[in-house]
Amino acid sequence: MSAPAAQSAPAADRPPRVTPAAKPSARERWSKRAPMLPALLFVIVVTQIPFAITIIISFMSWNAAYPDDIAFGTLSNYIAVFTDANLLRAVFVTVGLTVGVVLVSALLGLLIALLLDRKFIGRGIVRTLMITPFLVVPVAAALLFKHAIFNPSYGFLNGLLTTVFGEGAPQPDLMSSSPLLGIGIVLVWQWTPFMMLIMLAGLQSRPMDVYEAALVDGAGPWQTFRFITLPHLRRYIELAALLGTIYIVQNFDMVFTMTSGGLGTATLPYVIYQEFFVAQDYGVASAVGVIVVIASLIIATFALRTASTLLKEENS
């Protein structure tokens, strides 16, 4: 009796049959993609074709001072980047400056984000003021620090030291004694707000019920920060560090404006300018440019993966 009864069940009680969606035809797929083709072609023409030409020139021995000695199919330009003393020094300066600025900016950005995440009177105004350094034009920031703050004769730094410690206060000439440190200070001043914004966004996306449970269990401020806040911010810290690395590796304005690459402050972007416009060695300049782009693409790949992971976590 049970089998026939089950067979004679009304159709309304049966689960609805799900029919698979029909695959769009080739014409429908192309009709959706066609509006994007002009933008795709524009991106290819503007970015990929010049980069392909740069790669070709990087394998050429091409110096404007010797127009009759142009040769193709040589690896000497890439070998020169990693064997020439000046170019190798620029590689180490770029890596050291980038790592130092990113680490200090990320640490200061985290501390400021923790402070701005608290509720206090005028928090909105303080947040706006903290973002301001990131909005300043890099050349203007470099000139401001070089002449108005670091100048040994009339700069704010030495004036402040004289006011606090009297006439016998030390009067450092930072741009002569430690120019790379001066450039790093300006970059940290400008990129700390960027790090702070990303980490503040991470702090505001915290699950507060977890904190309430931790407080009920007797966890203190340091324990909640170490075991809840810091693991939650890990992806945001990684994203901020990766994006900051991409931009700082390509920094040219600060070095050009503050030291013109002198006193051991030449970075890879400045070497590109020097080799192309001063020495007019197009092959070496292109090789350095290709190396910088490849390094930036590798870092950007990790940044995009981190960003996609964050979006998946937010949507889940």
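Keep in mind that what you see is a predicted model, and the values were worked out from it rather than measured.

Chemist: Before we go on, may I ask you to explain the pattern of salt bridges in this structure?
Modeler: It is possible for side chains bearing opposite charge to pair when their charged atoms get close. All told, the structure shown has 3 salt bridges when counted by the stated rule. We note a salt bridge from Asp 117 to Arg 206, for which the minimum N-O separation is 2.4 Å. With Asp 117 in the loop between helix H5 (85–116) and helix H6 (123–135) and Arg 206 in the loop between helix H10 (179–204) and helix H11 (208–216), this pair connects stretches of sequence that are 89 residues apart. Here Asp 117 matches Arg 206 in class, with each residue buried. Note that Arg 234 is salt-bridged to Glu 238, the shortest N-O span being 2.9 Å. Here Glu 238 and Arg 234 lie together in helix H12 (residues 221–249), a separation of 4 residues that amounts to about one turn. Residue classification places Arg 234 among the partly exposed positions, given a relative accessible area of 41%. Connected through shared salt-bridge partners, Arg 234, Arg 235 and Glu 238 make up one network.

Chemist: Hey, could you run me through a nonpolar patch on the surface in this one?
Modeler: A cluster of nonpolar side chains, Trp 30, Leu 37, Leu 40, Leu 41, Phe 42, Val 43, Ile 44, Val 45, Val 46, Ile 49 and Ile 53, forms an exposed patch at the surface whose accessible area comes to about 1,000 Å². In terms of residue count, the dominant contributor to the nonpolar patch is helix H3 (residues 37–58) (10 residues). When you line up the elements, Ile 49 lands in helix H3.

Chemist: Is there a simple way to think about the packing of aromatic side chains in this case?
Modeler: The description of an aromatic ring pair rests on the distance of the ring centres and on the angle between the ring planes. As enumerated under the stated definition, the model contains 18 aromatic pairs in all. Measuring from ring centre to ring centre gives 5.2 Å for Trp 62 and Tyr 282, while their planes differ by 90°; the resulting arrangement is edge-to-face. With Trp 62 in the loop between strand S1 (60–61) and strand S2 (71–72) and Tyr 282 in helix H15 (residues 282–315), this residue pair connects regions lying 220 residues apart in the sequence. An aromatic cluster is defined as three or more aromatic residues linked by ring pairs; in this entry it consists of Trp 62, Phe 252, Phe 256, Tyr 270, Tyr 273, Phe 276, Phe 277 and Tyr 282.

Chemist: Please explain the environment of Ser 177 as it appears in this structure.
Modeler: Tracing the chain through its elements places Ser 177 in helix H9 (residues 174–177). Linking Ser 177 and Leu 263, residues 86 residues apart in sequence, is a C-alpha distance of 8.9 Å. Reaching out from Ser 177, the side chain makes a polar contact with the backbone oxygen of Asp 173 at a distance of 2.9 Å.

Chemist: I keep staring at the packing of H10 against H12 and nothing clicks. Help me out?
Modeler: Contact pair H10 / H12: the axes reach a minimum separation of 9 Å and the direction vectors enclose 145°. At the point where H10 passes H12, the crossing takes the right-handed sense. Each of Leu 187, Trp 191, Phe 194, Met 195, Ile 198, Met 199, Ala 201, Gly 202 and Leu 203 in H10 lies in contact with H12, whose residues at this interface are Thr 229, His 232, Leu 233, Tyr 236, Ile 237, Ala 240, Ala 241, Leu 243, Gly 244, Tyr 247 and Ile 248.

Chemist: For this particular structure, what's the right way to read the environment of Gly 283?
Modeler: Following the sequence through the fold, Gly 283 ends up in helix H15. For Gly 283, a relative accessible area of 0% gives the class buried. Taking the C-alpha atoms as reference points, Gly 283 and Ile 56, separated by 227 residues in sequence, lie 8.9 Å from one another.

Chemist: How should unusual backbone geometry be read in this particular structure?
Modeler: Where the residue is not glycine, phi is negative for most of them; where a peptide bond is considered, it is trans in most cases. With a phi angle near 55°, Ser 260 is a residue other than glycine that sits in the positive phi range. Among the secondary structure elements, Ser 260 is positioned in the loop between helix H13 (253–258) and helix H14 (268–278). Positive phi, close to 55°, is recorded for Gln 280, a residue that is not glycine. Among the secondary structure elements, Gln 280 is positioned in the loop between H14 and H15.

Chemist: I'm lost on the packing of H5 against H12 in this one. Help?
Modeler: For any two helices packed against each other, one specifies the inter-axial angle together with the distance between the axes. Packing of H5 against H12 brings their axes to within 9 Å, and their N-to-C directions diverge by 140°. It follows that H5 is oblique to H12 by the angle criterion. In terms of crossing hand, the pair formed by H5 and H12 is right-handed. Judged by residue contacts, Thr 94, Thr 98, Val 101, Val 102, Leu 110 and Leu 114 of H5 engage Phe 225, Leu 230, Leu 233, Ala 241, Gly 244, Thr 245, Ile 248 and Val 249 from H12.

Chemist: What exactly am I supposed to notice about the environment of Ile 272 here?
Modeler: Mapped onto the fold, Ile 272 is located in helix H14. Taking the C-alpha atoms as reference points, Ile 272 and Val 284, separated by 12 residues in sequence, lie 8.1 Å from one another. With sequence-adjacent residues up to four places away left out, Ile 272 is seen in contact with Ala 285, Val 288, Gly 289 and Val 292.

Chemist: Could you clarify how one ought to interpret the side chain of Ser 286 in this entry?
Modeler: Secondary-structure assignment places Ser 286 in helix H15. Exposure remark for Ser 286: the relative accessible area of 7% places this residue in the buried category. Aside from chain neighbours lying at most four places away, what touches Ser 286 is Thr 54, Ile 57 and Ser 58.

Definitions and limits used
- Here the residue numbering is sequential within each chain, running from 1 through the sequence in written order.
- Per-residue local features are limited, in this predicted model, to residues with pLDDT of at least 70; the limit for side-chain atom pairs, both in listing and counting, is 80 or more; totals at the level of whole chains, interfaces and linings are taken over all residues.
- Only hydrogens and water are set aside; all other atoms, that is, all heavy atoms of the structure, feed into the side-chain values.
- Any carboxyl oxygen of Asp or Glu within 4 Å of a side-chain nitrogen of Lys or Arg constitutes a salt bridge here.
- Runs of E in the DSSP output that reach at least two residues are strands. Runs of H or I that reach at least four are helices, and both are numbered from the N terminus.
- Exposed residues in this analysis have more than 50% of their type's maximum accessible area, buried residues have under 20%, and partly exposed residues fall in between, with area computed by a 1.4 Å probe over protein chains only.
- The patch calculation keeps residues exceeding 30% relative accessible area without a salt bridge and links them within 9 Å when they carry like charges or within 5 Å when they are nonpolar (Val, Leu, Ile, Met, Phe, Trp, Tyr).
- Under the convention used here, a 1.4 Å probe and the Shrake-Rupley method define accessible areas, while residue burial counts only the protein chains that appear.
- Note on ring pairs: Phe, Tyr and Trp rings are taken, using the six-membered ring of Trp, and paired if centres are within 6.5 Å. Classes follow the plane angle, with under 30 degrees stacked, over 60 edge-to-face and the rest tilted.
- Polar contact is the term for a pair of N or O atoms within 3.5 Å; when the atoms are in protein, one must be able to donate a hydrogen and the other to accept it, and sequence-neighboring residues count only if both atoms are side-chain atoms.
- Helix axes use the C-alpha atoms of the stretch in contact, all axes being lines fitted to C-alpha atoms, and the angles between their N-to-C directions lie in the range 0 to 180 degrees.
- Crossing chirality is assigned from the near helix's rotation relative to the far helix, an anticlockwise turn below a right angle marking it left-handed and a clockwise turn marking it right-handed.
- By definition, residues are in contact when any of their heavy atoms lie within 4.5 Å.
- Orientation is classified from the angle alone, with under 35 degrees giving roughly parallel, over 145 giving roughly antiparallel, 65 to 115 giving roughly perpendicular, and any other angle giving oblique.

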